[in-house]
Amino acid sequence: MRKTNLLTVLILAGVVLGVLFGHFLLWDPNASREALEQSTSWWRSAGDFLLMRPLMLIAAPLIFTSVLIGVTSVGDPRKLGVIGGATLVFYLVTMLLAVTVGVTVGATVKPGANMPEEIRQAAQEVGRQHLEGRNIVPEPAGEQIGGAWRSILEQLIPDNLLRAGVEAQYLSIITVTIVLGIGLLVVGRRARPFLDVVEGVHEALMVIVRAILWVMPLGVMFLVAWSVGTMGLNNLVGALSKYVAAVLAGLGVHMFVTLPLVLWIITRTNPFKYMWAMRPALFTAFGTASSMATLPVTIETSVDKGGCSRRASGIVLPLGATVNMDGTALYQGIAVIFMFQAFGYDLHFAQYLVIVLTATLSAIGAAGIPGGGLVTTIIIVSAVNTTIAARDPGIPALPIAAGLGLILSVDRVLDMCRTTVNIWGDAVGARAITRLAPDDPTEQPEREKALG
Ligand code: ASP
């Protein structure tokens, strides 16, 4: 059996075993969420140490080396501008498409209609505990949206590089590296030794990523077992079943119809062959529920197996892992509509439009970590509350805690699925931008020319 196929079989076995262990060994329908978190913590830690932590550890240096190699191999800052611009437009358009699918599914399927009263009441308490546990105090919509923009800008232009590194602000690392890369190109020949070192370090990191891939089946098994063990499969068939089905259907449409179509239109290549080639990255996303932890695998697979250029994937993928979240945007669209429906609100076109716009913004702002998108959902709920108040001041706002409390119990499994779509969106971006920035082995590489 070929190595990649063997790995695929092992990872799938990890997922299946994880589900079985989680459901039959760990899940207890009579235990509280806290008790379950405690009794399964060993499984979570095992997954963390085997998979999450090594991948997260390697992500930051890998962003540095791959962005630097990408930028300097493009050579010409103007061409870099074109590639960067095209990448951002691609990401924005696909995210808007994703959230439009989400809102359409939410508005037509109506997953939150006829929610039983006892579930709504329980949600309030669950959500309050969750927000308090994380010290989150929801602010008014204006401040939330202003804050989201500010935080994105602050990350784009950091004032302290060390802090950005220590606090793992990946967007800051990317911008600083792009600027440094342009600086190195201007310096020319004297920058060569440094870039040779960077190339060497990058290769070494890739060797490490390939080794981590073989630990993945075990890591995925522990993480999936923990997810299922704390959530219980029964939750998926109860009052939330319609919501879960709606999110999965929306994600399915984006993953198997919209993005493949976009890829085919741009590259005229078979999108499903590419999807199959990218499976190690997609599985990692599913297992870890983190775009950032998956990034090393996405970079490795896209170049090694997916036919993407180092130039394109070096720039496009790190940027994608931080800002491009199609699955998150889509999920947030449905989740917010579900919350309002469950509490008996009637949403109008203007409010759907607000959801489309704010979900895109809040998905950009979401961190590529487990649950990153859940927190930023607060921004969208606040924005919809504001438009409801503007239209009819007599209608009380939806309590954010109650809304979140409603969806918390099934969030992890949806997180695993939406992260898979996030990574697929990044991978499609890398392949599309490869058309604009191919590696050309026959030609003297641009970087060599620029550096003299
Ligand atoms: N876990 C997702 C990611 O890392 C973000 C989210 O919670 O939606 O891409």
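Computed from a prediction, not measured in an experiment: that's the story for all the values here.

Draft legend 1. Representation of the overall build of the protein chain within the structure. When its secondary structure is counted, the protein chain shows 21 helices and 0 strands. For 452 residues, the compact-globule formula gives about 22 Å, and the C-alpha radius of gyration of the protein chain, at 22 Å, lands near that figure. A total of 452 residues make up the protein chain; the buried ones form 53% of that total. Accessible area for the protein chain stands at about 19300 Å²; split by element, carbon and sulfur atoms hold 66% of it. One way to put it: in the protein chain the 31 positive side-chain charges average out to a point 8 Å from where the 30 negative ones average out.

Draft legend 2. Representation of the side chain of threonine 94 in the model. On the secondary structure map, threonine 94 appears in helix H4 (residues 77-109). Since its relative accessible area comes to 3%, threonine 94 is described here as buried. For threonine 94, the contacting residues outside a window of four places in its chain are His254, Leu259, Asn324 and Asp326.

Draft legend 3. Inspection of the pattern of salt bridges at higher detail. Counted by the stated rule, this structure contains 10 salt bridges. For aspartate 76, the salt bridge is made with arginine 78, and the minimal N-O distance between the two is 3.8 Å. A relative accessible area of 29% places aspartate 76 in the partly exposed class. The closest approach of N and O atoms between arginine 310 and glutamate 203, which form a salt bridge, is 3.6 Å. One end of the pair, arginine 310, is in helix H15 (residues 310-323); the other, glutamate 203, is in helix H9 (residues 192-213), and 107 residues separate them in sequence.

Draft legend 4. Summary view of helix H5 (residues 117-133). In this model H5 runs 25 Å from its N-terminal to its C-terminal C-alpha over 17 residues, within 8% of the 24 Å that 1.5 Å per residue would give. Burial in H5 covers these residues: Ala123, Gly127, His130 and Leu131. Buried positions along H5 lie against helix H18 (372-391) and helix H19 (400-407).

Draft legend 5. Structural view of the packing of H18 against H19. Where H18 meets H19, the closest approach of the two axes is 10 Å, and the angle between their N-to-C directions is 135°. The angle between the axes of H18 and H19 places the two elements in the oblique class. In the crossing of H18 with H19, the sense of the turn from one axis to the other is right-handed. Counted together, Leu374, Ile378, Val381 and Ser382 of H18 and Ile400, Leu404 and Ile407 of H19 form the full contact between these two elements. Split by residue class, the contact of H18 with H19 holds 6 nonpolar, 1 polar and no charged.

Draft legend 6. Region of interest: the packing of aromatic side chains. Going through the model one piece at a time under the given rule, you end up with 8 aromatic pairs. Pairing tryptophan 42 with phenylalanine 222 gives two aromatic rings, centres 5.9 Å apart and planes at 75°, and the pair type is edge-to-face. Highlighted residues: tryptophan 42 in helix H3 (residues 41-74) and phenylalanine 222 in helix H10 (residues 216-231), separated in sequence by 180 residues. Overall, phenylalanine 222 belongs to the buried group, its relative accessible area being 12%. Note on tyrosine 243 and phenylalanine 338: the rings are 4.4 Å apart at their centroids and 20° apart in plane angle, and the pair reads as stacked. One end of the pair, tyrosine 243, is in helix H11 (residues 241-267); the other, phenylalanine 338, is in helix H16 (residues 326-342), with 95 residues separating them in the sequence. By relative accessible area, which is 0% here, tyrosine 243 ends up buried. Each residue in the set Phe21, Trp42, Trp43 and Phe222 is aromatic and connected to the rest through ring pairs, giving one cluster. Above the face of the tryptophan 276 ring, arginine 279 is positioned so that its terminal group lies 3.9 Å from the ring centre. Across the ring face of tyrosine 331, the terminal group of arginine 418 is positioned such that the distance to the ring centre comes to 3.8 Å.

Draft legend 7. Structural context of the site of the ligand. Residues in contact with the ligand amount to 16 residues; listed here are only the nearest, Ser291, Thr328, Gly373, Asp415 and Arg418. Within the side chain of threonine 419, one N or O atom sits 3.1 Å away from a nitrogen atom of the ligand. With the chains in place, 100% of the 270 Å² that the ligand exposes on its own is no longer accessible. Mapped onto the shell around the ligand, the elements with two or more residues apiece are H18 and helix H20 (411-436).

Draft legend 8. Seen up close, the nonpolar core. With 123 residues, the main nonpolar core has Tyr243, Phe340, Ile355, Ile407 and Trp424 as its most contacted residues. Beyond its immediate stretch of four places on either side in the chain, tryptophan 424 contacts Met255, Leu259, Pro260, Leu263, Pro271, Tyr274, Met275 and Leu282. Counting 7 residues, the second-largest nonpolar core is a separate cluster that includes Leu26, Met221, Ala225 and Trp226.

Draft legend 9. Looking closely at unusual backbone geometry. Positive phi is not limited to glycine here, since asparagine 114 has a value of about 60°. Inspection of the secondary structure puts asparagine 114 in the loop between H4 and H5. We classify asparagine 114 as exposed; its relative accessible area is 76%.

Draft legend 10. Layout of the environment of threonine 298. Structurally, threonine 298 is set in helix H14 (residues 291-304). A residue is classified by how much of its surface remains accessible, and threonine 298, at 1% relative accessible area, is buried. Each C-alpha atom, one on threonine 298 and one on isoleucine 423, is 7.6 Å from the other, the two residues being 125 residues apart in sequence. Apart from residues no more than four positions distant in its own chain, threonine 298 is found in contact with Met278, Ala281, Leu317 and Ile423.

Draft legend 11. Structural view of the packing of H11 against H20. Remark: H11 packs on H20, axes separated minimally by 10 Å, with the N-to-C direction vectors making an angle of 5°. With respect to each other, H11 and H20 are oriented roughly parallel. On H20, the residues touching Tyr243, Val244, Val247, Leu248, Leu251, His254, Met255, Leu259, Pro260, Leu263, Ile266 and Thr267 of H11 are Leu414, Cys417, Arg418, Thr420, Val421, Trp424, Gly425, Val428, Arg431, Ala432 and Arg435. The class makeup of the residues in the contact of H11 with H20 is 16 nonpolar, 4 polar and 3 charged.

Each value, and the rule that gives it
- Residues numbered from 1 in each chain as written.
- Predicted model: local features only at pLDDT ≥ 70, side-chain atom pairs only at ≥ 80, totals over all residues.
- Heavy atoms only, no water.
- Helix = DSSP H or I, 4+ residues; strand = E, 2+ residues; numbered from the N terminus.
- Rg over C-alpha atoms; globule rule 2.2 N^0.38 Å.
- Buried < 20%, exposed > 50% of the residue type's maximum accessible area, 1.4 Å probe, protein only.
- Areas by Shrake-Rupley, 256 points an atom, 1.4 Å probe, with all protein chains shown as cover.
- Lys, Arg positive; Asp, Glu negative; His and termini not counted.
- Charge placed at Lys NZ, Arg CZ, Asp CG, Glu CD.
- Contact = heavy atoms within 4.5 Å.
- Salt bridge = Lys/Arg side-chain N within 4 Å of Asp/Glu carboxyl O.
- Expected span 1.5 Å × (residues − 1).
- Axes fitted to C-alpha atoms, helices over the stretch in contact; angles between N-to-C directions.
- Parallel < 35°, antiparallel > 145°, perpendicular 65-115°, else oblique.
- Left-handed = near helix turned anticlockwise from the far one by under 90°.
- Nonpolar A, V, L, I, M, F, W, Y, C, P; charged D, E, K, R; others polar.
- Phe/Tyr/Trp six-rings, centres within 6.5 Å; stacked < 30°, edge-to-face > 60°.
- Lys NZ or Arg CZ within 6 Å of the ring centre and 35° of its normal.
- Near = heavy atom within 4 Å.
- Polar contact = N/O pair within 3.5 Å; in protein donor to acceptor, adjacent residues only side chain to side chain.
- Core = buried A, V, L, I, M, F, W, Y, C linked by side-chain atoms within 4.5 Å.

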